[in-house]
Amino acid sequence: MDALSLLQHRVSVAQLTGPAPTSDQLELLWQAALRAPDHGALRPWRFLVVQGEALARLGELFAQVAMDNDPDADPAFLEKCLNMPLRAPMLIVVIACCQQHPKVPEQEQILSAGAAAQNILLAAHAQGLGAIWRTGWVADDEVINQQLGLARGEVNIGYIYIGTPKGHLPVSPVLNSADFVTSWHG
């Protein structure tokens, strides 16, 4: 698959099953991630892999935090929390490791980590893997992030669910670029 075709046809794949990426496939994901734009060569990202029994433990953490945040939480919501990480054979937590820098603000470092996440998604698609980037309250929650080992100054920018696509890949509609692009004339 050529690069432009890859960029134009990558889709988020929510229906995933095993197997998870192999160690060789993962190495290609990491190498792609490490090529993200990175002003100042700060390398403001790191990646946490969750798989096997740790997926169920992560679901238990999600459910416990949900219950702690709302003791009257709907049991169906708590069950959903338990099962969230089990929707794929592997999760990759993408973490922005923000550092003080006179020329590279925190926002730029978070965007760099986001570009690393996008490179993971592209590298997964190029290898025939399915992946989807999910965020939400489980990425923002302080207790969850502490339990995941995030340090001060680190930001959880989301979970990449990754595995083998179930069935056919979805087809994204072709968008009209003119709906999104204008010219500025000063």
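Attention here is on the structure that accompanies the text. (Residues numbered from 1 in each chain as written. Predicted model: local features only at pLDDT ≥ 70, side-chain atom pairs only at ≥ 80, totals over all residues. Heavy atoms only, no water.)

Focus on the overall build of the chain
Counting its secondary structure elements, the chain contains 7 helices and 5 strands. When its helices and strands are written in sequence order, the chain yields α-β-α-β-α-α-β-α-β-α-α-β. For a compact globule of 186 residues, the expected C-alpha radius of gyration is about 16 Å, and the chain comes in at 18 Å, within 12% of that figure. Dimensions along the principal axes, computed over C-alpha positions, put the chain at roughly 55 × 45 × 35 Å. Counting only residues that meet the buried cut, the chain has 41% of its 186 residues in that class. Once local pairs closer than 6 in sequence are excluded, the contacts in the chain between residues at least 24 apart make up 79%. Roughly 11000 Å² of accessible area belongs to the chain as shown, and the carbon and sulfur atoms make up 54% of that amount. With 11 positive and 18 negative side-chain charges, the chain shows a spacing of 7 Å between the two charge centroids. (Helix = DSSP H or I, 4+ residues; strand = E, 2+ residues; numbered from the N terminus. Rg over C-alpha atoms; globule rule 2.2 N^0.38 Å. Buried < 20%, exposed > 50% of the residue type's maximum accessible area, 1.4 Å probe, protein only. Contact = heavy atoms within 4.5 Å. Areas by Shrake-Rupley, 256 points an atom, 1.4 Å probe, with all protein chains shown as cover. Lys, Arg positive; Asp, Glu negative; His and termini not counted. Charge placed at Lys NZ, Arg CZ, Asp CG, Glu CD.)

Overview of the nonpolar core
Leu 58, Phe 62, Leu 91, Ile 144, Leu 148, Tyr 159 and Tyr 161 are the most contacted members of the largest nonpolar core, which has 28 residues in total. Listing elements by their share of this core, those giving two or more residues are helix H3 (53-69), helix H4 (75-83), strand S3 (90-97), helix H6 (137-140) and strand S5 (154-165). The element best represented in this core is H3, accounting for 7 residues. For Leu 91, the contacting residues outside a window of four places in its chain are Leu 48, Val 49, Val 50, Leu 55, Leu 58, Pro 85, Tyr 159, Ile 160 and Tyr 161. Counting residues in hydrophobic clusters, the runner-up holds 25 residues, among them Ala 32, Ile 92, Ala 96 and Ile 160. (Core = buried A, V, L, I, M, F, W, Y, C linked by side-chain atoms within 4.5 Å.)

Describing the environment of Ile 120
Mapped onto the elements, Ile 120 comes out in helix H5 (residues 106-126). For Ile 120, a relative accessible area of 0% corresponds to the buried category. Ile 120 sits 11 residues away from Ala 131 along the chain, and the two C-alpha atoms are 8.9 Å apart. Beyond its immediate chain neighbours, meaning those up to four positions away, Ile 120 contacts Leu 29, Trp 30, Ala 33, Phe 47, Ile 92 and Ile 160.

Comments concerning unusual backbone geometry
Geometrically, the link from Gly 18 to Pro 19 is a cis peptide bond, its omega value of 5 degrees lying close to zero. By secondary structure assignment, the location of Pro 19 is in the loop between strand S1 (16-17) and helix H2 (23-33). The phi torsion at Ala 41 lies on the positive side, around 50 degrees, for a residue other than glycine. As for its placement among the helices and strands, Ala 41 is situated in the loop between H2 and strand S2 (45-51). Take Ala 41: its relative accessible area is 47%, and that puts it in the partly exposed class. Even without a glycine there, the phi angle at Arg 43 is positive, about 50 degrees.

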